[in-house]
Amino acid sequence: MQDGISALLEQSLNVLEERLFRDVNTDMTRRDFRVFRREAAVYFVDGLVSSDFLQHYILTPCQEHTDAQLTVSLEDALLQTIHVGDAKAVNTYAEAIDAIVNGKAVLVADGMPAALCFDIRFFVRRGIAPPLTESVVNGPHQGFNEALRDNITLLRRILHTPELIGEMQTIGEASPTNLCVMYLKNAVDEQMLQRVKNRLAGIRVDQVLSIGALEQLLEDKPFSLLPQCCLTERPDRAASFLLEGQVVIVMDGAPQVLAMPISFLHLFHTPDDTSMRWQYGTFLRLIRLLGALCTLLLPGLFVAAATFHPEALPVTLLTAILESQAQVPLSIPAETFLMLLMFNLINEAGTRVPGVVGNSLGTVSGLILGQAAVEAKLIHPLLIIVVAVSSLGSYAIPDYSLGMAFRIGQLIFLAAGCIFGLYGMVLLSAVMVVRLCGMTSLGAPFAAPVAPVRTHNPDVFLRYPLWRQRLRMWLGNPFSMERTRGRMRGWDRR
Amino acid sequence: MRTTSTVHSPEERLAQRELGERLALRSQWRLLACVSILRTAVTRIMPLAGAAAWWMTLVCLLPGLVLYWLGCLGLRISKAASLPECARLALGKVGAGVVCGLAAAALAVDAVSTITALITLFTEGVGTQGTQWTLALAATGLLLFALNGEALARGVYFLRVPLLVLLGAVLVGLASGAKLDHLFPVLGGGASGLWAAFQAGAGMGWVFLLPLLQAPTREKRWHEPLPPMGLCIVALLCLNLALPHELLANQSALGDCLVLTVAHLPAFVRLVAVCLWVVALFLSLGSGVSLCAGQLLAPTGRKIAWLPGVLALAVATTQLMDIRWLWTQLGAMGMWLLVALGVGAGVSLLACGRKRK
C-alpha cells in the first residue's frame, strides 16, 4: 500500500479516517478549515492536546489567512503562519498517525504532499510529589512522576550540562512506548552504553507497560534472585548515577527510572548517606548492612542453634527456649516457617489495602495477633522477637527489589538451617557469595569493586569522607575515572 | 559543570582488570595452600610429632619452599614467564603438557584429600546422619552450583576477610586455653616419630610450586609462600599450646584428628571453628577442582565450561572407596607429587637455560 501522503486532501482524509477508526473512535478529533484559499484539516486526540494552544496558535492564525495569497510553498507558508516551537513535516501516513496518537496535532491541507505535526501536548498528569518508597531525612523531597518530559526536566534541572545526553527511543511493536536513554557523555563507558542500546534494540515485544517489565527484558541473569538494575524515583539519586557514569533509562508512564549497570554493594546506599556528614552516613550504612544480615540469617540461625547446636547457646537462653517450647505444639522449624509466612502475609495485605487501613492492619496483625498467638501458646515468645528483628532488617534495605530478594533468601537459609544446621547455613553462605561474585550487571562484575578488586571510589562499605571521593564508582570502564583533581576542599591546607 | 578529568587509557583499564583477576587467583591459591598445609599437618604430622608438630610442619615445608625459590631463580635466568612456558620453549608442547599434567594430578589428589577430610569431618568427627557417599554427593551438588567460571576465585577473594576474622576468633579461643607446658617435650615423640612425621608431611610443600605455573613472572616474588606458611605455623603453634601432647599422640582416625583441633574450645568458638573448617575445606575443594581444570586445559588454550563439573563428580566418586585405604594411598602420594613436580620443573628449567645459552 502506498503510504506517502497525497497532495489531494480528500484522499488523505479518507486514509486517516479509516486508519484512525474515526467512526467509532470518538476522541479522535478532526477540525476542518480554510487557509491560503485551500481546504485543510487538523487531527488530534481530544484530551492529549491543549485546546487553548490549538485555538490560539494553530486555528486562529490559519483563519486569519483564509484568503491570503501564497508567495512561498504551502508548507513553508503554514510553518511561518503557525507559531508553535516544535513543528515538523512528515511524509507518510504512518508517521502522521504515530504523531496523532502520541498527542500531537497533525495538519493536512489540499495541495500539500506532507503533514505538519505540531507538539501542543497537554494532558492530565500527576504533580511532582515526594517519593513514596525512598524517603530521606536530608535532601530534596521531590520524586519522578509518570510524564517522560517532566522526568527528563527534573534531571536537567539538577545536571546543568550539555554533556547530559538524552536519546529518545520507542519500545514495543504493537503499542510503542517512549523512553529516553540518558547518560553523561564524558563519564559513561561507551561499551556499556552500546550494550544498553543493543539490548533495547533487541527487545521484541508487543508492548512494555512498566519499567519493571523493561528491567526484566534487559537484565543479564533473569533467573537470579538479586536485582541487577536499580529502580529509583528520586531525581537526585538518578543524577548521582549519571555522574558515576551509569546509564539511566526514563520511560513514559513510569514514576521510576532504571539505572544500570549497578553493583551489589551500591544497592545499600541511599541519598541520605551523601547528604549527611560522613560519620552519620557510615553509621547508618552499617546499620543497614546489619539489618540485611539479620533478615537473611537470623531465623535460620535461631532454628539451627535451637535444634542442632544447643550447646552453643547460653544456658539461661536455652532453658527459656526449652521451657516455652514444651508448651507449644509445633516444632521450632515449623513455627519459624509459619511466623515468616504470617509476616509476609501481613506485609502483602498491608501493601494492597489503602494507606490508612494499611497502617491499622499492620498494628492489628502485628500486635494483637502476635500477642494472642503467644497467649494461646501457639508460638514461642522469643520467636516473635527473632521474626520482628529480621522483618525490621528487611525494611532497612533501601532497595525494594533487594529487600524482596533477601526475604526469599531468608526462607532458603531457614531451610538450610533446619536441615543441616549451622554447617548448612555456612556452606550456603559461601556458595551464595561465590554466585554473587559471578554475577554481572550489564557485563560489569556485580560484586565489583570488592571482588574483583578495581580502582574505585572508596565509598563502598563505609561512607568515605566526601572530599576524599575523587574517583568514580568502578563499573565497567568509565571514560574518566577521576571526578576531580587536587583537593576538593581547596581552602584547606592541612 | 566540569565532568572530565584524566582519561584512563585502554591499557590502564585493562591492567586494572588484570590486577583484579590476579589478586583473586592469588587469594584462591593462598586458601588452597593454607588448607592443604593445615589438613596435612593436623591429620598426618600432629599424631606422629605431638608437641613438635608446629616446628615439624615448618621443616616439612622447607623442601617445597626451596624448590619454589629455585624455580623462581630458574625462571628469572631463563626469562620465561612460567614453568609451562619454560617447558614449551625447552621441550615443546609435550613438555608443557607434562608439567601441566603433573600439576593437574597434584591438584586432583589434593581435591580428593580435601573432600575426604570434609566428609569424614562430618561422618566420623562432628557426627551426622548419611553415608560418606551421600554427603559427598550433597557437597558436589553445592560445588557444581559454585563452580561458575571466575566466580569461585572472586568469591574466595571476597570471603578472605570474614574467613580471617573467624580464624582470628578461633586462634584467640585456642590461645585463651594455652599452656607453655604443652610445647614440651620439644622433640615430641622422639626421633623415630619425627622422622615418620617428616616422611608423611614432606610432600605438602608442592602447593608452593603452583604460582610458578602462572604468568607473569613479576608476581613470583621470593616471599610469596610466606603469608600462608606463616599463618599455618601460627595456627599450629596455637593448637600445640592449647592441646596436651598425650591427647595428640593417641589420635589416628582422620575425623578424630580434625575434630581434636576444636575439641578444647569453648562451645560457641568450637562451633565457629567447625564452620571455618567446613567453609575452608569446601572452598579449597572448589579451588582445587577449578585450578586442576585450568591446568588440564592450559596447553590447549581452550576453555571448556563443563570440565570443572566433570572433575568435581570424578573427585566425588572416590568417596565410594574404603576411606581408610584411600587416606593411606593419598598420604603415600604426597611425597611423590612433590618429587615429580620438582623434577619436571628442574628438567624444564635446565633445558630452557641450555637452549637459551
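It should be emphasised that the depicted structure is a prediction, and the values quoted were computed from it without experimental measurement. (Residues numbered from 1 in each chain as written. Chains lettered and ligands numbered in written order. Predicted model: local features only at pLDDT ≥ 70, side-chain atom pairs only at ≥ 80, totals over all residues.)

> I tried to follow the overall build of chain B on my own but got confused; where do I start?
Helix and strand counts for chain B stand at twelve helices and zero strands. Counting from the amino terminus, helix and strand elements in chain B follow one another as α-α-α-α-α-α-α-α-α-α-α-α. Expected size for 357 residues packed as a compact globule is a radius of gyration near 21 Å; at 21 Å, chain B falls within 12% of this value. Principal-axis analysis of the C-alpha atoms gives chain B an extent of 60 × 60 × 45 Å. Per-residue burial for chain B yields a buried fraction of 54% across its 357 residues. Restricting the contact set of chain B to residue pairs at least 6 apart, pairs at least 24 apart contribute 84%. (Helix = DSSP H or I, 4+ residues; strand = E, 2+ residues; numbered from the N terminus. Rg over C-alpha atoms; globule rule 2.2 N^0.38 Å. Buried ≥ 20, exposed ≤ 12 C-beta atoms within 10 Å, placed from the backbone. Contact = placed C-beta atoms within 7 Å.)

> Honestly, the sheet that holds strand β7 (residues 177-184) of chain A in this entry has me stumped. Any pointers?
What links the strands of a sheet is backbone hydrogen bonding, and the strands pair in either a parallel or an antiparallel sense. Residue and element names in this part refer to chain A. In spatial order, the strands read β6-β7-β9-β10-β8; together these five strands make up an open sheet with antiparallel pairing. Edge positions in the sheet fall to β6 (164-171) and β8 (230-232), since each has one partner strand and no second. Averaged over all pairs of adjacent strands, the angle between strand axes in this sheet comes to 25°, irrespective of strand direction. (Pairing = 2+ DSSP bridges. Axes fitted to C-alpha atoms, helices over the stretch in contact; angles between N-to-C directions.)

> Just checking my understanding: could you explain unusual backbone geometry for this structure?
Glycine aside, residues mostly have negative phi angles, and peptide bonds mostly take the trans form. Residue and element names in this part refer to chain A. In this structure, P261 follows M260 across a cis peptide bond, with omega equal to -5°. Tracing the sequence through the fold places P261 in the loop between β10 (257-260) and α9 (271-275). The amide bond that connects A451 to the next residue, P452, takes the cis arrangement and shows omega of 5°. Residue K377 is not a glycine yet carries a positive backbone phi of 55°. With respect to the helices, strands and loops of the structure, K377 is situated in the loop between α13 (355-375) and α14 (381-396).

> What is the right way to read the interface of chain A and chain B from this model?
Often, the extent of an interface is quoted as the loss of accessible area on bringing the components together. Each side of the interface is counted separately: chain A has 35 residues, and chain B has 34 residues. Broken down by element, the side of chain A that touches chain B gets its largest block of residues, eleven residues, from helix α15 (residues 400-438) of chain A.

> Could you clarify how one ought to interpret helix α12 (residues 332-352) of chain A in this entry?
Counting along an α-helix, one turn takes 3.6 residues, and residues three or four places apart therefore face a common direction. Residue and element names in this part refer to chain A. Between its first and last C-alpha atoms α12 spans 30 Å; for 21 residues at 1.5 Å apiece the expected length is 30 Å, and the two agree. Residues I332, P333, E335, T336, M339, L340 and F343 constitute the buried set of α12. An end-on view of α12 places all buried positions within 165° of arc, on one side of the element. Pointing more than 90 degrees away from the buried face of α12 are the exposed residues L341, L345, E348 and R352. The secondary structure elements touched by the buried residues of α12 are α10 (278-307), α11 (315-325), α14 and α15. (Expected span 1.5 Å × (residues − 1). Arc of directions from axis to C-beta.)

> Is there a simple way to think about the domain arrangement of chain A in this case?
Residues and elements named next belong to chain A. Its domain assignment divides chain A into domain 1 (9-118), domain 2 (148-273) and domain 3 (278-438). Taken residue by residue, the interface counts eleven residues in domain 2 and 14 residues in domain 3. Going through the elements one at a time, β8 and α9 are the ones with two or more residues in the side of domain 2 that touches domain 3. Among the residues making up the side of domain 2 that touches domain 3, the classes are represented as eight nonpolar, one polar and two charged. (Domains from an automatic or database assignment. Nonpolar A, V, L, I, M, F, W, Y, C, P; charged D, E, K, R; others polar.)

> Help me understand the environment of N198(A), please; the structure alone is not making it clear to me.
Tracing the chain through its elements places N198(A) in helix α6 (residues 190-201). Residues N198(A) and L267(A) lie 69 residues apart in sequence; the distance between their C-alpha atoms is 25 Å.

> Help me understand the environment of L242(A), please; the structure alone is not making it clear to me.
Residues and elements named next belong to chain A. Tracing the backbone shows L242 in helix α8 (residues 235-243). A C-alpha to C-alpha distance of 25 Å links L242 and L289, two positions 47 residues apart in sequence. Here L242 is in contact with L159, L164, M182, Y183, L184 and V248, once residues within four sequence places are set aside.

> What is the right way to read the sheet that holds strand β3 (residues 87-90) of chain A from this model?
Residue and element names in this part refer to chain A. Strand order in the open sheet formed by five strands is β1-β2-β4-β5-β3, with antiparallel pairing between adjacent strands. The strands lining the two open edges of the sheet, one partner per strand, are β1 (28-35) and β3. The average angle at which neighbouring strand axes cross in this sheet is 25°, direction not considered. As defined by bridge partners, β3 adjoins strand β5 (residues 115-118) across four bridges and the pair is classed as antiparallel.

> Teacher, can you tell me more about the pairing of β7(A) here?
Every regular strand shows the same layout, with side chains that alternate between the two sheet faces. Residues and elements named next belong to chain A. By the criterion of burial, β7 is predominantly enclosed, with six of the eight residues buried. Sheet analysis places β6 next to β7, joined by eight bridges and oriented antiparallel. Residue pairing for β7: T170 is matched across the bridge by N178. What sits between β6 and β7 in their antiparallel hairpin is a turn of five residues, with G172 showing a positive phi close to 105°.

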